[in-house]
Amino acid sequence: MSTPDDTLFEEAFADFAHAAELMVDPVDATVIHGRVRRRRTTKGAMAAALAALIVAVPAAWWLQESNGQEVDPPPADDTTGVTTEAETSPEDSGGGTNSVPDGQATGSDAPVLPTFDDLVGAEIELPEFFPGAGELNDACPTAPATITDAAGSAYGDGKIRLLKVVQTTLEEDGPVEAVALFGCTPGDALITQAVSVAGDGEGGWEVTEPVALGDPGSFPLLDIAPAAVTGVLLLVPEPHGTDQSGPLDYDIYRYRTGADLEDVTDTAYMWGITDLAVEVEKRDNGDGTWTAEVTVTNAGDHESQAFMLSLCADPSLAVDGLDGLPACTEARDPTAEYEALAPGETVRAEWTVTPAPFDEWSGDAQAGGAVFAVYADMLAYSVDAFAFDYDNSNDYGDMVIIVDDVTEAP
């Protein structure tokens, strides 16, 4: 693989933070906690040391060649706004072995399965993020790890965050298991691992099977989803250099207990793997206000997941109906949730923006303009499927108010 683009991992972790926060604090159409979105981070000594180590660490515990058969239905020939059962239903498309039990019933041989909320705040012994690397594992402590959600993420803080939980069978005729994806940012890159987790019989949780260990340099595991028949699917994008601004390639693998890892990129369902493109049109209302007309289009080949529009604005801009939006240099505020889009489908929204008098603008705004920006993020963790926007160069747009817009011509 080529040199990793740190932006990819920063964007990915920001999306994890957003989605996991919504899991803990359900969406309100007008009031949702904000979160930081950073496109670049400062590399420190720890980041450099960890980056050097990452190159040497094996990409996964189980990375092997496969001669497996096709395991998941290909995408439907004609994708529509109605998602097909073959694309989305492990139970219906796989003969029922992946059906998920209601609740966490005990009193049988079936394992007690955790939900997302069960694991947040729990202490659990995890495999090392850097196997055999000694003290460097102190950057992501796992013995035990105290699990947090991804909200309020901070790069380099070493917290172990829960990114996703899915339920699936890992072997034919086996029990349904809960596979959890955990992440840690010891420096400026997201490191992940997927493990099967079940009740330990004493009111806690334990790892019953290691599934996958990500490596930003060679195996950047980004998302998981139940396979249609048996196993868990692993989505692994291929990072590019920092000058790359187009779509990212990706591979999909299937993990099953005791079997070789299978590359199922050509046969796995692709629901949720697409490209959401955002455009913002600036319109002068002639009364001192401006309208930002936002268009979001599913520019990919597959249906998206539901998504959130998140906003930020320069302090000199007042946005009708939205008080106290964060500055775009700091954060953005998740504002409204939208339904999934079929390929080619578009949704529009607009906001009225009123700039303050020019002499009240900051020096930076006076020099470069006052920015109102909109971002689209798919909600990754409310569905048992992938949520991957493979082109993050067009998932945001902005409207810039400049001096000529607010001052009288001489």
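This text gives an overview of the structure that appears in the document.

So, how was this worked out
Residues numbered from 1 in each chain as written. Predicted model: local features only at pLDDT ≥ 70, side-chain atom pairs only at ≥ 80, totals over all residues. Heavy atoms only, no water. Helix = DSSP H or I, 4+ residues; strand = E, 2+ residues; numbered from the N terminus. Buried < 20%, exposed > 50% of the residue type's maximum accessible area, 1.4 Å probe, protein only. Contact = heavy atoms within 4.5 Å. Areas by Shrake-Rupley, 256 points an atom, 1.4 Å probe, with all protein chains shown as cover. Polar contact = N/O pair within 3.5 Å; in protein donor to acceptor, adjacent residues only side chain to side chain. Pairing = 2+ DSSP bridges. Disulfide = S-S within 2.5 Å. Salt bridge = Lys/Arg side-chain N within 4 Å of Asp/Glu carboxyl O. Core = buried A, V, L, I, M, F, W, Y, C linked by side-chain atoms within 4.5 Å. Axes fitted to C-alpha atoms, helices over the stretch in contact; angles between N-to-C directions.

## Structural notes on the overall build of the protein chain
Inference 1: Within the protein chain, the regular secondary structure consists of seven helices and 20 strands.
Inference 2: Sorting the 410 residues of the protein chain into buried and exposed places 51% on the buried side.
Inference 3: Pairs at least 24 residues apart make up 68% of the contacts formed inside the protein chain by residues separated by at least 6 positions.
Inference 4: Total accessible area on the protein chain stands at roughly 17700 Å², and carbon and sulfur atoms take up 47% of it.

## As for the side chain of Thr335
Inference 1: Assignment of secondary structure puts Thr335 in strand S16 (residues 333–338).
Inference 2: The class for Thr335 is buried, based on a relative accessible area of 5%.
Inference 3: A distance of 2.8 Å separates a polar atom in the side chain of Thr335 from the backbone oxygen of Asp333.

## Quick look at the environment of Gln193
Inference 1: Structurally, Gln193 can be placed in strand S5 (residues 191–199).
Inference 2: Taking the C-alpha atoms as reference points, Gln193 and Pro220, separated by 27 residues in sequence, lie 9.9 Å from one another.
Inference 3: One polar contact links the side chain of Gln193 to the main-chain carbonyl oxygen of Pro127, over a distance of 3.0 Å.

## Section: the sheet that holds strand S8 (residues 232–237)
Inference 1: Spatial ordering of the open sheet is given by S7-S8-S9-S10, a layout of four strands whose pairing is antiparallel. One side of each edge strand has no neighbouring strand; the edge strands of this open sheet are strand S7 (223–226) and strand S10 (262–263).
Inference 2: Summarising the sheet, strand S9 (residues 250–255) and S10 pair through two bridges and their orientation is antiparallel. From the neighbouring strand, Arg254 faces S10, where its bridge partner is Glu262.

## Examining the state of the cysteines
Inference 1: For the structure shown, the criterion picks out two disulfides.
Inference 2: Each sulfur of the disulfide joining Cys140 and Cys184 lies 2.0 Å from the other. Torsion about the S-S bond of the Cys140 and Cys184 cystine: about -90°, corresponding to left-handed handedness. Pair noted here: Cys140 is in the loop between strand S1 (123–124) and strand S2 (145–149) and Cys184 is in strand S4 (residues 176–184), with a separation of 44 residues, a long-range link.

## Remarks on the pattern of salt bridges
Inference 1: As enumerated under the stated definition, the model contains seven salt bridges in all.
Inference 2: For Asp223, the salt bridge goes to Lys164, with nearest N and O atoms at 3.0 Å. Within this pair, whereas Asp223 is found in strand S7, its partner Lys164 is found in strand S3 (residues 160–169), the two being separated by 59 residues in sequence.
Inference 3: The exposure class assigned to Lys164 is buried, which follows from its relative accessible area of 1%.
Inference 4: One salt bridge connects Asp405 with Lys282, and the closest N-O pair in it is separated by 2.6 Å. One end of the pair, Asp405, is in helix H7 (residues 403–406); the other, Lys282, is in strand S12 (residues 276–284), with 123 residues separating them in the sequence.

## Considerations on the pairing of S7
Inference 1: Along S7, one buried face is formed by Asp223 and Ala225 and the opposite face, lined by Ile224 and Pro226, is buried too.
Inference 2: Sheet topology places S7 next to S8; four bridges connect them, and they run antiparallel. Paired with Pro226 across the bridge in S8 is Val232.
Inference 3: In sequence, S7 turns back onto S8 through a hairpin of five residues, with Gly231 there showing a positive phi of about 110°.

## Brief notes about the nonpolar core
Inference 1: Val296, Phe307, Leu309, Trp351 and Phe372 are the most contacted members of the largest nonpolar core, which totals 34 residues.
Inference 2: Of all the secondary structure elements, the ones that give two or more residues to this core are S12, strand S13 (290–298), strand S14 (307–313), strand S15 (317–319), S16, strand S17 (346–355), strand S18 (370–378) and strand S20 (396–401).
Inference 3: Filtering out sequence-adjacent residues up to four positions away, Trp351 remains in contact with Trp290, Thr291, Ala292, Val294, Leu309, Leu311, Val319, Asp320, Leu322, Thr335, Tyr338 and Phe372.
Inference 4: Counting residues in hydrophobic clusters, the runner-up holds 23 residues, among them Leu119, Ile147, Cys184 and Trp205.

## Quick notes on the sheet that holds S18
Inference 1: Sheet architecture is open: four strands sit in the order S16-S14-S18-S20, paired in antiparallel fashion. Two strands lie at the open edges of the sheet, namely S16 and S20, each paired on one side alone. In this sheet, adjacent strand axes meet at a mean angle of 20° when their direction is disregarded.
Inference 2: In this structure, S18 lies alongside S20, joined through six bridges in antiparallel fashion. The partner of Ala373 across the bridge, within S20, is Asp398.

## Points about the pairing of S17
Inference 1: For S13 and S17, the ladder comprises eight bridges, and the chain directions are antiparallel. The residue bridging Thr297 from the neighbouring strand is Thr346, located in S17.
Inference 2: As judged from the three bridges shared by S15 and S17, these two strands associate in the antiparallel manner. Residue pairing in the sheet places Leu317 in a bridge with Pro355 of S17.

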